[in-house]
Amino acid sequence: MPLDQSYVGRSYPPTEPYQVGREKIREFARAIGATDPEYLDPEAARALGYADVVAPPTFPIIFTMASSHQQIVEDPELGIDYSRVVHGDQRFAYRRPIVAGDALVCVNTVEEITSRSGHDFMTTRSDVSTEAGEPVVTVWAKLVQRGEE
Amino acid sequence: MAFEPQTFRVTRADLVRYAGASGDFNPIHWSERFANSVGLPGVIAHGMFTMALVGRAVTAWAGAADAVVEFGVRFSRPVPVPDTDEGTEVVVSATVKGETEDGHTRLALTATCQGEKVLSMAQAVVRKR
């Protein structure tokens, strides 16, 4: 069964704020081999004008993937079979850098659903902002649900 | 403007570390048995790990962590990571594709593994320094 087109445009409730921790940024930076001091050392980051250690560009995937998975992929009524899902595209549009100490809220939306050659394509959008509503980054992921064998 | 291509070594240990740091514990990125059971030739890198390496190259070329305005890729081919000390290599290169309406620089990005492109439609928009 193709995915239900009526889900296009549906937004889910804002998530609980994700608390951006200094050690999490360091852990993520080390895991991707990013050794520049602004990712690791608060003093070095402040000298470059950041409030604290700064997150590498793909850091938001940690909380946007988790929250859109929980809200959209696991929505029983949408009925995605995650065992057939692969990650197709990923895109980020940045408004301001993420630094340790940020508390970030995601609003997840189903932006597009298409079907082609038995495969389903779903684009999710995560609008990430501070609790006060300042936009931080918008994150799009296209998931491909392969057709059943 | 030309950019020096950047080469990143990727081993199984890197995938385990990335799984923990990112929270993406899909077993195709650490279990040969599971990867084979879903038709893959073996363990493959997280697409987001490859994208993170490309992000390192882009921030290095742009000169700052916050110089990246937009960043997008399509995962077109998996990056198999053999269980060896050497693992594999991902090579990232970029060319300038012009300027955006806002005066930022548009980069077309390429990532290859074993000579094959693993991303398509990969691009970044970076702020001029």
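Keep in mind it's a predicted model, so treat the numbers as computed, not measured.

A. Broad picture of the overall build of chain B. Helix and strand counts for chain B come out as three helices and six strands. Counting from the amino terminus, chain B carries its helices and strands in the arrangement β-α-α-α-β-β-β-β-β. Overall, chain B is about 50 × 30 × 25 Å in size when its C-alpha atoms are taken along their principal axes. Each of the 129 residues in chain B was classed as buried or not, and the buried ones make up 42%. Intrachain contacts of chain B at a sequence separation of at least 6 include 57% that bridge at least 24 residues.

B. The arrangement of the overall build of chain A in detail. If you tally the helices and strands in chain A, you get four helices and five strands. Ordering the α and β elements of chain A from the N terminus gives β-α-α-α-α-β-β-β-β. Along the longest, intermediate and shortest principal axes, the C-alpha atoms of chain A span 55 × 30 × 20 Å. In chain A, buried positions account for 38% of the 149 residues. For chain A, restricting intrachain contacts to residue pairs at least 6 apart in sequence, the fraction spanning at least 24 positions comes to 69%.

C. Broad picture of the interface of chain B and chain A. With 24 residues of chain B at the contact, the number on the chain A side is 24 residues. Where the side of chain B that touches chain A is concerned, the elements lending two or more residues are helix H1 (12-22), helix H3 (47-62) and strand S2 (68-75) of chain B. Residue composition of the side of chain B that touches chain A, grouped by class: 12 nonpolar, six polar and six charged. Bridge count between strand S2 (residues 85-94) of chain A and S2(B): five bridges; the pairing is antiparallel. When the bridges of S2(B) are listed, Gln90(A) appears paired with Val73(B).

D. Main features of the packing of helix H1 (residues 22-31) of chain A against H1(B). Put simply, H1(A) and H1(B) touch, their axes get as near as 9 Å, and they point 155 degrees apart. Of the possible angle classes, the one that applies to H1(A) and H1(B) is roughly antiparallel. Seen along the crossing, H1(A) lies across H1(B) with a hand that is left-handed. Across from Glu27(A), Phe28(A) and Ala31(A) in H1(A), the residues of H1(B) making contact are Arg17(B), Tyr18(B), Ala21(B) and Ser22(B). Considered class by class, the residues forming the contact of H1(A) with H1(B) number four nonpolar, one polar and two charged.

E. View of the pairing of strand S6 (residues 119-126) of chain B. Residue and element names in this part refer to chain B. When S2 meets S6, the two strands line up antiparallel, connected through six bridges. Within S6, the position partnered with Glu 70 by the bridge is Val 125. As judged from the four bridges shared by strand S4 (residues 105-113) and S6, these two strands associate in the antiparallel manner. Note that in S6 the partner of Arg 106 across the bridge is Val 125.

F. Seen up close, the environment of Arg116(A). In this structure, Arg116(A) sits in strand S3 (residues 103-116). Here Arg116(A) falls in the exposed class, since 10 other C-beta atoms lie within 10 Å of it.

G. The arrangement of the nonpolar core in detail. Formed by 76 residues in total, the largest nonpolar core has its most connected members in Ile25(A), Leu53(B), Val54(B), Val58(B) and Leu109(B). It is H3(B) that provides the largest number of residues to this core, a total of 10 residues.

H. Just the environment of Ala94(B), in detail. Residue and element names in this part refer to chain B. Summarising the element assignment, Ala 94 is placed in strand S3 (residues 88-99). Residue classification places Ala 94 among the buried positions, given that 26 C-beta atoms sit within 10 Å. Separated by 17 residues in sequence, Ala 94 and Ala 111 place their C-alpha atoms 8.9 Å apart. Setting aside its immediate chain neighbours within four residues, Ala 94 contacts Phe 3, Trp 61, Leu 107, Ala 108 and Leu 109.

I. Looking closely at the environment of Glu38(A). Mapping Glu38(A) onto the fold places it in helix H2 (residues 37-40). C-alpha of Glu38(A) to C-alpha of Asp52(A): the two residues are 14 residues apart in sequence and 8.2 Å apart in space. Setting aside residues up to four positions removed in sequence, Glu38(A) forms contacts with Ala44(A), Ala45(A), Leu48(A), Tyr50(A), Val53(A), Val54(A) and Ala65(B).

Rules of the game
Residues numbered from 1 in each chain as written. Chains lettered and ligands numbered in written order. Predicted model: local features only at pLDDT ≥ 70, side-chain atom pairs only at ≥ 80, totals over all residues. Helix = DSSP H or I, 4+ residues; strand = E, 2+ residues; numbered from the N terminus. Buried ≥ 20, exposed ≤ 12 C-beta atoms within 10 Å, placed from the backbone. Contact = placed C-beta atoms within 7 Å. Nonpolar A, V, L, I, M, F, W, Y, C, P; charged D, E, K, R; others polar. Pairing = 2+ DSSP bridges. Axes fitted to C-alpha atoms, helices over the stretch in contact; angles between N-to-C directions. Parallel < 35°, antiparallel > 145°, perpendicular 65-115°, else oblique. Left-handed = near helix turned anticlockwise from the far one by under 90°. Core = buried A, V, L, I, M, F, W, Y, C linked by C-beta atoms within 7 Å.

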